[in-house]
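Chain residues, written in single-letter form:
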Amino acid sequence: MAFKNLREMFDKLNESGEKYVVLRNWDNLPDKADLGPHGDLDLLVANKDAVVALLKGKATTSTPNRVQFKIDIGNSFQMVDVRFLGDDYYPSSWELKMLCDRIMHPQGFYIPNPQDYFWSLLYHAVIHKPTIAEDYQNKLRGMSYAMYPWLVDYLRFDRPDLLISLILGQGYNIVQPTDKTVFFNKRFVPLEFGGDIE
């Protein structure tokens, strides 16, 4: 049976006690899943199998380690990527931190705390994408003015190598996701983290 809407889906997740966060692009949730050019709803969860079963998710492909599921919502559906603890989408210790330090969004779903959100969005934009989307640039620039004024001059979106240095300087490692459909920007990643830079 389908969820009536996304709000009901999040209510079910919250009642279950399963740890999750919506990683990004939540501006219109839960009333509208207008995720724009970024497509799927991205969740990070502690227990993938439990969450997929709870949401009655249907795998969209048989590709190994692919974590995209179709969730029935009303007369339609929502595509959801269910990232999970230990999948190397982000370093495992950071994934655990995001789940432990999550906060409740006023609309009734969990999101990363502001610091984890900023750094995970920067990581995603630089490591998981071949180019940094303009809306991510604008969001990161706005957040840095509010949270990290010292960082504003260093947010050089034309210099992914510099941005990766900022990420590493914050103590975050870089890992290659087990889901091989996720882009891994090796051109700017140091060799020690699986990239091409010596």
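Everything here concerns the structure above.
Everything numeric here is computed off the predicted structure, so don't read it as measured data. (Residues numbered from 1 in each chain as written. Predicted model: local features only at pLDDT ≥ 70, side-chain atom pairs only at ≥ 80, totals over all residues. Heavy atoms only, no water.)

**Focus on the side chain of D40**
Just so we agree on the cut-off: Numbering goes from the N terminus for both helices and strands, where a helix is a DSSP run of H or I of at least four residues and a strand is a run of E of at least two. Each residue is placed in one exposure class: buried if its accessible area under a 1.4 Å probe, protein chains only, is under 20% of its type's maximum, exposed if it is over 50%, and partly exposed if it falls in between. Only four residue types enter the tally: Lys and Arg on the positive side, Asp and Glu on the negative side; His and the chain ends are excluded. What counts as a salt bridge is simple: a side-chain nitrogen of Lys or Arg found within 4 Å of a carboxyl oxygen of Asp or Glu. What qualifies as a polar contact is a pair of N or O atoms within 3.5 Å, subject to a donor-acceptor requirement within protein and to the restriction that residues adjacent in sequence count only when both atoms come from side chains.
Within the secondary structure layout, D40 lies in the loop between β1 (20-22) and β2 (41-45). We note that D40 is buried and unpaired, the nearest opposite charge coming from R66 at a distance of 4.2 Å. Polar contacts involving the side chain of D40 include one to the side chain of Q68, which spans 2.8 Å.

**Quick look at the environment of D72**
Applied cut-off: Every residue pair with non-hydrogen atoms within 4.5 Å of one another is taken to be in contact.
With respect to the helices, strands and loops of the structure, D72 is situated in strand β4 (residues 68-73). For D72 and Q176, which are 104 residues apart along the polypeptide, the C-alpha to C-alpha distance reads 31 Å. Those residues in contact with D72, other than ones at most four positions away along the chain, are A2, F3, K58 and F77. A distance of 2.5 Å separates polar atoms of two side chains, one belonging to D72 and the other to K58.

**Description of the nonpolar core**
The condition that has to hold: Nine residue types can take part in a nonpolar core, namely buried Ala, Val, Leu, Ile, Met, Phe, Trp, Tyr and Cys, and a core is a set of them joined through side-chain atoms within 4.5 Å.
Core analysis: the biggest nonpolar cluster contains 60 residues, and M9, F10, V22, L43, W119 and L122 have the highest contact counts within it. When residues of this core are assigned to their parent elements, the largest contribution, nine residues, is made by helix α4 (residues 114-127). Apart from residues no more than four positions distant in its own chain, V22 is found in contact with F10, L29, L41, D42, L43, F109, Y110, I111 and P112.

**With respect to the side chain of D81**
Inspection of the secondary structure puts D81 in strand β5 (residues 76-84). A polar contact is formed between the side chain of D81 and the side chain of R83, at a distance of 3.3 Å. With near-sequence residues (within four places) excluded, D81 lies in contact with D40, L41, D42, L43, R66, V67 and Q68.

**Remarks on the sheet that holds β5**
Just so we agree on the cut-off: For two strands to be treated as a pair, DSSP must find at least two bridges joining them. Orientation is described by lines fitted to C-alpha atoms, with helices fitted over the stretch in contact, and by angles between N-to-C directions that extend from 0 to 180 degrees.
Overall, mixed pairing links the five strands, which are arranged β1-β2-β5-β4-β3 in an open sheet. Every interior strand has two partners, whereas the edge strands, β1 and β3 (58-59), have only one. Where β1 and β2 come together, three bridges link them in antiparallel fashion. When the bridges of β2 are listed, Y20 appears paired with V45. In this fold helix α1 (residues 6-16) packs onto β1, β2, β4 and β5, with an angle of close to 150 degrees to the strand it touches most, β1. In the packing of helix α3 (residues 92-100) onto the sheet, contacts are made with β1, β2 and β5, and the angle to β2 comes to roughly 95 degrees.

**A short note on the pairing of β5**
In the case of a regular strand, side chains alternate between the two sheet surfaces. Where β2 and β5 come together, five bridges link them in parallel fashion. Across the sheet, V45 pairs through a bridge with F84, a residue of β5. The loop that links β4 with its antiparallel partner β5 comprises two residues; one of these, G74, has a positive phi angle of about 55 degrees.

**Points about the pairing of β2**
The element β2 is largely enclosed, with a buried count of five among its five residues. Of the two faces of β2, the one lined by L41, L43 and V45 and the one lined by D42 and L44 are each fully buried.

**Considering unusual backbone geometry**
Excluding glycine, residues mostly have negative phi values, and the peptide bonds linking residues are mostly trans. Residue P30 follows L29 across a cis peptide bond; omega there is -5 degrees. If you trace the backbone, P30 turns up in the loop between β1 and β2. A positive phi angle is found at N25, which is not glycine, with a value near 60 degrees. With respect to the helices and strands, the residue N25 is situated in the loop between β1 and β2. Although it is not a glycine, D88 sits at a positive phi angle of roughly 65 degrees. Tracing the sequence through the fold places D88 in the loop between β5 and α3. Assessed through its relative accessible area of 25%, D88 is described here as partly exposed.

**Regarding the layout of surface pockets**
By rolling a water-sized probe across the atoms, one finds the places where empty space is left. Cut-off, in case you're wondering: Only protein atoms enter the 1 Å grid used here, on which a cavity is any set of points holding a 1.4 Å probe that cannot leave and a pocket is any open set flanked by protein within 12 Å on both sides along at least five of seven lines; residues with an atom within 4 Å of a point are listed as lining. Grid points are joined across faces, edges and corners, and a volume is the space filled by probe spheres set on the points. When residue character is reported, Ala, Val, Leu, Ile, Met, Phe, Trp, Tyr, Cys and Pro are called nonpolar, Asp, Glu, Lys and Arg charged, and the others, Gly included, polar.
Space inside the largest pocket adds up to approximately 230 Å³. What lines the largest pocket is a set of 15 residues, and nearest its centre among them are D81, R83, Y89, H124 and K129. Partitioned by chemical class, the residues of the lining of the largest pocket number four nonpolar, four polar and seven charged.

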